[in-house]
Amino acid sequence: LTTAGVAMNSIDTIAIDAKENYIFLLSGRSAYCFQEKDDASFESFGSDVLPISMAAEAAAVYGDTLYVVENRILHACEFEIADNPSGGSGKVLHVFTPVLQQNLAKLRSASAFSNNPTQCTGVFADEQYVYCLLSEHALSAATPSASPLYALGQLVRYKYTSESPSTPFIDEVKTPLPATV
């Protein structure tokens, strides 16, 4: 994959659309797109700059939408694979400005937990929903009287619709995952 402009050790996250056989490799603010062909080879569509400010923490792809999480913000970016605008051979990837953004809530909002950031460790998408797997933990206590050790998680489900720009993410459902103390 180094010939496609990305080294394996620089990949931050991967998103795969099994229906269309698209594979997105995200490195920094760049998205590289490949498609597996019938003969098990890969066609590269090059890369495009993601409309985010930092490297992606997690990503998913379904249909023509790439879902990217950075800094607890879920972005839904539509993309297309189009003819090369410079007239060259092949097709190229173009990622559009996010159709929408959704802030992901912090799992524990009490001030005692303010130093423990909530992280999105996975994003999954299907034809109706986007799922974000959130986690938060404090696994080291400096002294026995320090904050308790804990780990918790939550699966948040959003229904995504691009037809209603004012409320593109609707039906938020939060499912707590078992906590450990």
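Bear in mind the structure is a predicted one, so any value in this text is a computation, not a measurement.

### Looking at the overall build of the protein
Logical step 1: In terms of regular secondary structure, the protein is built from zero helices and 13 strands.
Logical step 2: Start at the N end of the protein and walk to the C end: the helices and strands fall as β-β-β-β-β-β-β-β-β-β-β-β-β.
Logical step 3: With 181 residues in all, the protein has 36% of them scored as buried.
Logical step 4: Within the protein, contacts between residues separated by at least 24 positions form 41% of all contacts whose residues are at least 6 apart in sequence.

### Points about the packing of aromatic side chains
Logical step 1: Per the counting criterion, the structure on display carries five aromatic pairs.
Logical step 2: With a centroid separation of 5.8 Å and 85 degrees between ring planes, the pair formed by Tyr22 and Phe79 is classed as edge-to-face. Of this pair, Tyr22 sits in strand S2 (residues 22–27) while Phe79 sits in strand S7 (residues 73–83), and the two are 57 residues apart along the sequence.
Logical step 3: Taken together, the aromatic side chains of Tyr22, Phe24, Phe45 and Phe79 make up a single cluster linked through ring pairs.
Logical step 4: Taking NZ or CZ as reference, Arg157 lies 4.1 Å from the ring centre of Tyr129, over its face.

### Notes on the sheet that holds strand S1 (residues 13–17)
For sheets, the rule is that strands pair by backbone hydrogen bonds, running either parallel or antiparallel.
Logical step 1: Pairing in this open sheet of four strands is antiparallel, and the strands run S1-S2-S3-S4 from one edge to the other. Only two strands of the sheet have a single neighbouring strand rather than two, namely S1 and strand S4 (42–49). Ignoring strand direction, the axes of neighbouring strands in this sheet form an average angle of 20 degrees.
Logical step 2: Taken together, the six bridges between strand S3 (residues 30–36) and S4 define a ladder with antiparallel strand orientation. From the neighbouring strand, Ser30 faces S4, where its bridge partner is Val49.

### Regarding the pattern of salt bridges
Logical step 1: Overall, the coordinates contain one salt bridge when judged by the stated rule.
Logical step 2: The partner of Lys91 in a salt bridge is Asp83, with the nearest N and O atoms 3.4 Å apart.

### A closer look at the nonpolar core
Logical step 1: Grouped together as the largest cluster of nonpolar side chains are 20 residues, with contacts concentrated most on Tyr67, Leu74, Leu104, Cys120, Val123, Cys132 and Leu134.
Logical step 2: Those elements that provide at least two residues to this core are strand S5 (58–62), strand S6 (65–70), S7, strand S10 (119–125), strand S11 (129–138) and strand S12 (150–160).
Logical step 3: Broken down by element, the residue count for this core peaks at five residues, all from S12.
Logical step 4: Not counting the four nearest positions on each side in its chain, Cys120 is found in contact with Glu57, Ala58, Val69, Leu104, Cys132, Leu133 and Leu134.

### Some details on the side chain of Ser27
Logical step 1: With respect to the element layout, Ser27 can be found in strand S2.
Logical step 2: The residues contacting Ser27, other than those within four sequence positions of it, are Val6, Ser10, Ile11, Asp12 and Tyr32.

### Concerning unusual backbone geometry
Logical step 1: Although it is not a glycine, Asn21 adopts a positive phi angle of roughly 65 degrees.
Logical step 2: Considering the arrangement of structural elements, one finds Asn21 in the loop between S1 and S2.
Logical step 3: Despite not being glycine, Asn71 has its phi angle at roughly 55 degrees, a positive value.
Logical step 4: Mapping Asn71 onto the fold places it in the loop between S6 and S7.
Logical step 5: Given the relative accessible area of 49%, Asn71 is considered partly exposed.

The rules behind the values
- Along every chain, residues carry numbers that run from 1 in the direction the sequence is written.
- Given that this is a predicted model, residues contribute local features only at a pLDDT of at least 70 and side-chain atom pairs are listed and counted only at 80 or more, while totals for whole chains, interfaces and linings are drawn from all residues.
- To get the side-chain values, take all heavy atoms of the structure and skip hydrogens and water.
- Helix and strand assignments come from DSSP, with helices taken as H or I runs of at least 4 residues and strands as E runs of at least 2, each series counted from the N terminus.
- Classification of residues uses two cut-offs on accessible area relative to the type maximum, computed with a 1.4 Å probe and protein chains only: under 20% is buried, over 50% is exposed, and between them is partly exposed.
- Residue contacts are defined here by distance: any two heavy atoms, one from each residue, within 4.5 Å place the two residues in contact.
- Only the six-membered ring of Trp is used, alongside the rings of Phe and Tyr, when aromatic pairs are assigned; centres must lie within 6.5 Å, and planes under 30 degrees apart are stacked while those over 60 apart are edge-to-face, with the rest tilted.
- Criterion for a charge above a ring: Lys NZ or Arg CZ within 6 Å of the ring centre, and within 35 degrees of the ring normal.
- When DSSP locates at least two bridges between a pair of strands, those strands are taken to pair.
- Axis definition: a line fitted to C-alpha atoms, over the contacting stretch in the case of helices. Angles run 0 to 180 degrees between N-to-C directions.
- When a carboxyl oxygen of Asp or Glu is within 4 Å of a side-chain nitrogen of Lys or Arg, the pair counts as a salt bridge.
- Side-chain atoms within 4.5 Å are what join buried Ala, Val, Leu, Ile, Met, Phe, Trp, Tyr and Cys residues into a set we call a nonpolar core.

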